[in-house]
Amino acid sequence: QYEFPSWNQSSNRAPVTVGWFSGHRSVSSSVQVGKASATHNQGRKFHKDLTSLPKPLTVADLSATPDDSSKVRISFKGTLGSYNEDAALKAYPKCKTVPCDEFEDAFKAVELWLAEKAVLPIENSSGGSIHRNYDLLLRHRLHIVGEVQLPVNFCLLALPGVRIEQLKRVLSHPQALALSDIFLSKLGVARENVDDTASAAQYVASNGLRDAAVVASIRAAQVYGLNVLAEKIQDDPDNITRFLVLARDPIISRTDKPFKTSIVFTLEEGPGILFKALAVFALRDINLTKIESRPQRKRPLRVVDDSNTGAAKYFDYLFYIDFEASMAEPRAQNALGHLQEFATFLRVLGCYPMDTTL
């Protein structure tokens, strides 16, 4: 519905081969979650039995058929209790969440009909854009059908009965540790990186670690039977992460509520060409909320003979833009029609309602 085939010069994509098997996986490459040793058995009585929790899907392990068709199934990267799952539950409070091992696995879960939608983070007010997911938006043909703005509440979690002065180390995702630097520096504890915040909570709970805490969400504490020692420990109290909701089919654009449109395009060579491309929105009073550029993978370098000493090399870029207008509005249609004059490739990634709640 939103593709412009005559401008698409990058449609030749290699097919994805999916191997089908069922196997046990570790929670992360840096932390292996297994049975607690005999020295930790005493700590098991403080927390839940975690053996029944579902294991995240991987690209090579997508054979399970979801058994609850009465709820919308939302795939996300991480394990139960992660902030990604919190975003899915904010968008669809009664959904059935489908944990996946990697961001690309969340895309594949939707493409293989194991989930109706996927939720993935795209930018954070403190950490900036998540470039990996911009690349995946172009690689896959899912459509953006919604967005979620989630305030981040970093909490310090530990086993029941553990006091904060007993802690010797704190485990979490590297970004969560970095964004809680002030609080953790005052504690004077060692920091250990884990693939995601909920995996850290699962690791501490599964192994009954009484000298370790994690930085994770309140829901992670509920899922893994941990206590909340402190809340809102992030350096920036107004830390917000923006998520995108993806589906196999686009939704119908409307004008009865605020809509946002996301596009990606490439440009011809020439001076002032980017200025001209952005001007098509300014001329129609369309507000741009996001501009992101990523080097093209298939043709990363552009060679230009502009000197007597040889050729100069420049990156050839893809431009991602979000703007506040619905594709049902003539001004948005006219802007993209105008952009066609400069763009060598253009795709509308999605037109979707804006999330105005925090």
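Note that the structure is a prediction, hence the values are computed from the model and not measured. Every chain begins its residue count from 1, and numbering advances along the sequence as written. Note on the predicted model: pLDDT of at least 70 is required for a residue's local features to be given, and 80 or more for side-chain atom pairs to be given and counted; whole-chain, interface and lining totals, by contrast, use all residues. To get the side-chain values, take all heavy atoms of the structure and skip hydrogens and water.

J.: Describe in detail the sheet that holds strand 17 (residues 343-353), supporting the description with residues and values.
T.: For two strands to be treated as a pair, DSSP must find no fewer than two bridges joining them. Numbering goes from the N terminus for both helices and strands, where a helix is a DSSP run of H or I of at least four residues and a strand is a run of E of at least two. Read from one edge of the open sheet, four strands run 13-16-12-17, paired in antiparallel fashion. Lying at the two open borders of the sheet, with one neighbouring strand each, are strand 13 (288-295) and strand 17. Direction aside, neighbouring strands of the sheet carry axes that sit 15 degrees apart on average. Pairing geometry for strand 12 (residues 259-267) and strand 16 (residues 317-323), over five bridges, is antiparallel. The partner of Thr 261 across the bridge, within strand 16, is Phe 323. Whether two residues are in contact is decided by their heavy atoms: any pair within 4.5 Å suffices. Helix axes are fitted only over the stretch in contact, all axes being lines through C-alpha atoms; the angle between N-to-C directions runs from 0 to 180 degrees. On the sheet, helix 8 (residues 273-282) packs against strand 12, strand 13 and strand 16 and is oriented at approximately 160 degrees with respect to strand 12. Across the face of the sheet, helix 9 (residues 330-339) comes into contact with strand 12, strand 16 and strand 17 while running at roughly 160 degrees to strand 17.

J.: An account of the side chain of His 143 is needed here, citing residue identities and associated values.
T.: By the secondary structure assignment, His 143 is in strand 5 (residues 143-151). For His 143, the contacting residues outside a window of four places in its chain are Val 245, Leu 246, Ala 247, Arg 248, Asp 249, Pro 250 and Leu 349.

J.: Summarise the pairing of strand 3 (residues 117-124); cite the residues concerned and give the values.
T.: In this scheme, a residue with accessible area under 20% of its type's maximum is buried, one over 50% is exposed, and one in between is partly exposed, where area comes from a 1.4 Å probe on protein chains only. Most of strand 3 is tucked away: eight of the eight residues are buried. As paired strands, strand 1 (residues 73-77) and strand 3 are joined by two bridges and run parallel to one another. Its bridge partner lying in strand 3, Ser 75 is registered against Ala 118. Of the strand pairs in this sheet, strand 3 and strand 11 (residues 240-247) are connected by seven bridges, and their pairing is antiparallel. If you follow Asn 124 over to strand 11, its bridge partner there is Thr 241. Of the pairings in the sheet, the one linking strand 3 to strand 4 (residues 128-129) comprises two bridges and is antiparallel in character.

J.: Any details on the packing of aromatic side chains? Residues and values, ideally.
T.: Only Phe, Tyr and Trp rings are paired, with Trp represented by its six-membered ring, and only when their centres lie within 6.5 Å; those with planes under 30 degrees apart are stacked, over 60 edge-to-face, the remainder tilted. Under the criterion given, the structure shown has five aromatic pairs. Ring centres of Tyr 83 and Phe 154 lie 5.6 Å apart, and the angle between their planes is 80 degrees; this geometry places the pair in the edge-to-face category. With a gap of 71 residues between them, Tyr 83 in helix 1 (residues 83-91) and Phe 154 in the loop between strand 5 and strand 6 (155-158) connect regions that are remote in the sequence. Note on accessibility: Tyr 83 and Phe 154 belong to one class, buried. Seen from their ring centres, Tyr 134 and Tyr 320 are 5.0 Å apart, and the 65 degrees between their planes marks the pair as edge-to-face. One end of the pair, Tyr 134, is in helix 3 (residues 131-139); the other, Tyr 320, is in strand 16, with 186 residues separating them in the sequence. Of the two residues, Tyr 134 and Tyr 320, both sit in the buried class. Aromatic rings pair up to connect Phe 265, Tyr 317 and Phe 319 into one cluster.

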